[in-house]
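Spelled out, the chains give:
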Amino acid sequence: MSTLYAVIVGSGFEAFVASAEPHRVHTRFGPPSAPIRPVRFGDDTALVIPRHGDDHSLPPHLINYRANLEALKDVGAHAVIALNTVGVISAIREPGQIAVPDQIIDYTWGREHTIYGEPDPDFDHIDFTEPFTQRLRAALLAAAETAGVDCHDGGVYAATQGPRLESAAEIDRLERDGADFVGMTAMPEASIAMELGLEYACLSLVVNKAAGRGEMPIHADVESSTLSAKMQAMQVLKAFFGSG
Ligand code: HPA
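K.L.:
Can you explain the pairing of strand β4 (residues 79–88)? Please cite residues and give values.
P.N.:
Counted residue by residue, β4 has nine buried out of ten residues, so it is predominantly covered. Judged from the four bridges that link them, strand β1 (residues 5–9) and β4 form a sheet pairing that is parallel. The partner of Ala6 across the bridge, within β4, is Val80. Bridge count for β4 against strand β10 (residues 199–209) is ten bridges, and the pairing is parallel. By the bridge assignment, Asn84 is partnered in β10 with Ser204. Bridge count for β4 against strand β9 (residues 181–183) is two bridges, and the pairing is antiparallel. By the bridge assignment for β9, Val88 is matched with Phe181.

Next comes the structure, spelled out in structure tokens:
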């Protein structure tokens, strides 16, 4: 059986055009952020869901990560490509570039972070040593190579609570902890995906230098860097789905 992929898209990717009727799914955790749209990429169909909702009204701490992932699983997804935007802390990337991180540190709090919200004799301690699926990471990196896109292999993603950006001292602390990137959505998304048995990897769009690291104000940095990162991510997706 071939793998059915889902793509969780973040800010700025709401314009994916559906090729079939959207799936309106309700899960035991409530409704997902938006209906799931089957989108054609070449010969493939991917199941696309906008993480922040169709109207981009859901900040990172209000996203129902459990419902999004369970809904994707319910409509048949096996593997999830998570697009997200990040600030860069270390010098491994510049704004406007992309990366496939290989590690994560969770600084979020108060989010529904596990599918085991009720007593369950079958609850599992997932092994999160490798938080991202290596097969999927490698496939994304191979697609980047096919597309001729410079995509960084690896890096530690620090997941912060948001929705505010960080202070410079907080970024210094994340750097001391070993983080390369900072974003707000990959946790608990990555661990819930693993609990549900879904493959999961991030394709991260670097849209700014993290707080205290850049010359320009962060929002101006985001404004000038997002399009380039977004176009590269789209090229990778097209190559991934064989339509590039
Ligand atoms: N911090 C947290 N999340 C982000 C950032 C950032 O600088 N940029 C994009 N998402």
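K.L.:
An account of the side chain of Glu189 is requested, with residue identities and associated values reported.
P.N.:
Within the secondary structure layout, Glu189 lies in helix α4 (residues 186–195). At 2.8 Å, the side chain of Glu189 and the side chain of Arg51 are in polar contact.

K.L.:
Please set out helix α5 (residues 218–240) residue by residue, giving values where relevant.
P.N.:
Along its 23 residues, α5 runs 31 Å from first to last C-alpha, staying within 8% of the 33 Å computed at 1.5 Å per residue. A bend of about 40° at Ser225 is the largest found in α5. The inward-facing, buried residues of α5 contact β1, β2 (37–41), β4, β5 (98–100), α2 (134–147) and β10. Just past α5, the residue Gly242 takes up positive phi, approximately 75°.

K.L.:
Go over helix α1 (residues 65–74) with me, naming the residues and quoting the values.
P.N.:
Within α1, eight of the ten residues are buried, which leaves the element mostly enclosed by the surrounding structure. Those residues of α1 lying buried are Tyr65, Arg66, Ala67, Asn68, Leu69, Glu70, Ala71 and Leu72. Buried positions along α1 lie against β1, β3 (44–50), β4 and α4. Within two residues after α1, Gly76 carries a phi angle of roughly 105°, on the positive side.

K.L.:
Account for the pattern of salt bridges, with residues named and values stated.
P.N.:
Under the criterion given, the structure shown has eleven salt bridges. Note that Lys209 is salt-bridged to Glu94, the shortest N-O span being 3.8 Å. Here Lys209, found in strand β10, pairs with Glu94, found in the loop between β4 and β5; they are 115 residues apart in sequence, far enough to count as distant. Judged by relative accessible area, which is 40%, Glu94 ranks as partly exposed. With its nearest N and O atoms 2.8 Å apart, the salt bridge here joins Glu199 to Arg135. Taken together, the residues Glu199 in strand β10 and Arg135 in helix α2 connect sequence positions 64 residues apart. Salt bridges sharing partners connect three or more residues here, namely Asp172, Glu175 and Arg213.

Here is what the cut-offs are and how they apply
- Residues numbered from 1 in each chain as written.
- Predicted model: local features only at pLDDT ≥ 70, side-chain atom pairs only at ≥ 80, totals over all residues.
- Heavy atoms only, no water.
- Buried < 20%, exposed > 50% of the residue type's maximum accessible area, 1.4 Å probe, protein only.
- Helix = DSSP H or I, 4+ residues; strand = E, 2+ residues; numbered from the N terminus.
- Pairing = 2+ DSSP bridges.
- Polar contact = N/O pair within 3.5 Å; in protein donor to acceptor, adjacent residues only side chain to side chain.
- Expected span 1.5 Å × (residues − 1).
- Bend = angle between axes of the 7 residues up to and from the residue.
- Contact = heavy atoms within 4.5 Å.
- Salt bridge = Lys/Arg side-chain N within 4 Å of Asp/Glu carboxyl O.

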